[in-house]
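What follows is each chain in one-letter form.
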Amino acid sequence: MAEKTKKFHVITWGCQMNVDDSDQIENLLLSDGLEKADSLEDADVVMLNTCSMRQKPEDKVFSQLGILAELKQARPDMVIGVTGCMAQRAGAEIAKRAPHIDLIAGTAQLERIPELVRTRQSLLESGAATQNKPSDVLIQLQLPRKKEESQLFLPERKRVTTGKLKSFVSIMYGCDKFCHFCIVPHTRGKERSRPASEIIGEVEYLAEHGTKEVCLLGQTVNSYGLKGLEATCSFSELLRRVNSVPGIERIRFTSPYPKDFTDDVIEAMASLPAVCEQVHLPVQVGDDVLLKRMNRGYTLDQYRTIVHKLRTAMPDIAITTDLMLGYPGETEEQVQNTLDFVEEIRFDQAFMFIYSPRHPTPAAKLPDQIPQPLKVERLERLIAIQNRIVVEKNNQYAAEHRVYDVLVEGASPKHPGQWHGLTRGGKTVNFDAHRNLTGQTVKVRALAGHLWGFMGELV
């Protein structure tokens, strides 16, 4: 009787980098002979890909591990693994609090996951593995930092034919900025760029298998080529090379760092037909004193200059951002400065959150931490202002009956009977159609603005 094929399930929290890492984990396990499970309960292997930027996603991981403890009790041969930034930051703590897990793999150890899974499965099946002992967990957290070890940081990306309409492509890893609130340099290591030839080869492969839109990823994506291996190029040149790949209709990238946003990148965005008129440009706060204390490396006037250049070169560009309130020592006047800056710039969308202490970052050690209720109250004021601006802008565009090119992604998940897709500016559009238009670019007129985008009609 043939042995049953093992199945896996991956659960993901966090940013686009984590989503891309999860895709790579899936590709690695598929290449190792496993199949994707239809549900968590059907899985022989469960991998949790974690985020450590704030406390809430870490709490969700431990909650999920509690659910998995019950499944593990019923199915002792199930392999449970934890990877991602939280694993890198707090691997020993995870093993202590959830000794029922089988393996922990850090952010630079993704390639080792199939090997760790095989090892653990063999131990479980042979009865050689004991349970409920933190020392029993297979842990791989090596994160080399020496320059000569940089090759160890760059994984060989697995390619599996998926036919995805939109795909992420990581072009660099790590971060050297060391903003005082950010855990990323501690969990993903030093900044290093992939060779341009490998990136283009991956994009060409994706295009050949159905991808029409790629999103280039990096913790500070426009720092690409500044540090890393030979055979890289500038970020603007990489955009030009990706733009030349047949079949790629749209190019996005995230997240650029304001300090490294150069004029050649703006010129490339404005001149290359596939590069979308959209940029996510994190500002964090609207106060220069706080920016300096955060070690962000730019001023609000420098940020304003970038925004002005972007809107001059591309009048219809959609600019989104990250905004954080509750940084240690933040005063009411500084909060108001941030609210005023949001009113001034009028972002098309924003990811808004409260500061969460992350050890061992410098900000976590500051004595003047803001009480949680006050942080929440400040955030609620910010959300109300930013959401109002978004609706005002989208209503204005709808009142002008603007026509957008929409890459149709499929049936709308929230509006039954309609189709949905994104404009080049990244706004969601829902519309009626009498046939399946998935994968096609169609023209849609905006009729009504909403917080998430538009209701529209085919032109």
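Fair warning: this is a prediction, and the values are worked out from it, not measured in the lab. (Residues numbered from 1 in each chain as written. Predicted model: local features only at pLDDT ≥ 70, side-chain atom pairs only at ≥ 80, totals over all residues. Heavy atoms only, no water.)

A. Structural context of the packing of helix α1 (residues 16-31) against helix α4 (residues 113-126). Their axes nearest at 9 Å, the elements α1 and α4 cross at an angle of 55°. Here α1 lies oblique to α4, going by the angle between them. For the pair α1 and α4, the sense of crossing is right-handed. Seen from α1, the contacting residues are Ile25, Leu28 and Leu29; seen from α4, they are Ile113, Pro114 and Val117. Its residues assigned to classes, the contact of α1 with α4 shows 6 nonpolar, no polar and no charged. (Axes fitted to C-alpha atoms, helices over the stretch in contact; angles between N-to-C directions. Helix = DSSP H or I, 4+ residues; strand = E, 2+ residues; numbered from the N terminus. Parallel < 35°, antiparallel > 145°, perpendicular 65-115°, else oblique. Left-handed = near helix turned anticlockwise from the far one by under 90°. Contact = heavy atoms within 4.5 Å. Nonpolar A, V, L, I, M, F, W, Y, C, P; charged D, E, K, R; others polar.)

B. Representation of the side chain of Asp322 within the structure. As for its position among the elements, Asp322 is in strand β13 (residues 318-325). This buried residue, Asp322, is left without a salt bridge; Arg296 holds the nearest opposite charge, at 6.9 Å. For Asp322, the contacting residues outside a window of four places in its chain are His280, Pro282, Val283, Gln284, Phe351 and Phe353. (Buried < 20%, exposed > 50% of the residue type's maximum accessible area, 1.4 Å probe, protein only. Lys, Arg positive; Asp, Glu negative; His and termini not counted. Salt bridge = Lys/Arg side-chain N within 4 Å of Asp/Glu carboxyl O.)

C. Spatial organisation of the side chain of Asn394. Its place among the elements puts Asn394 in helix α12 (residues 372-399). Residues contacting Asn394, with those up to four places away along its chain left out, are Lys427, Gly449, His450, Leu451, Gly453 and Phe454.

D. The arrangement of the nonpolar core in detail. In terms of nonpolar packing, the biggest core is built from 73 residues, with Ile171, Leu216, Leu238, Phe261, Met269 and Leu310 touching the most fellow members. Examining the composition of this core, we find that 6 residues originate from one element, helix α6 (residues 196-208), more than from any other. Here Leu238 is in contact with Ile171, Ala196, Ile199, Ile200, Leu216, Tyr224 and Cys233, once residues within four sequence places are set aside. (Core = buried A, V, L, I, M, F, W, Y, C linked by side-chain atoms within 4.5 Å.)

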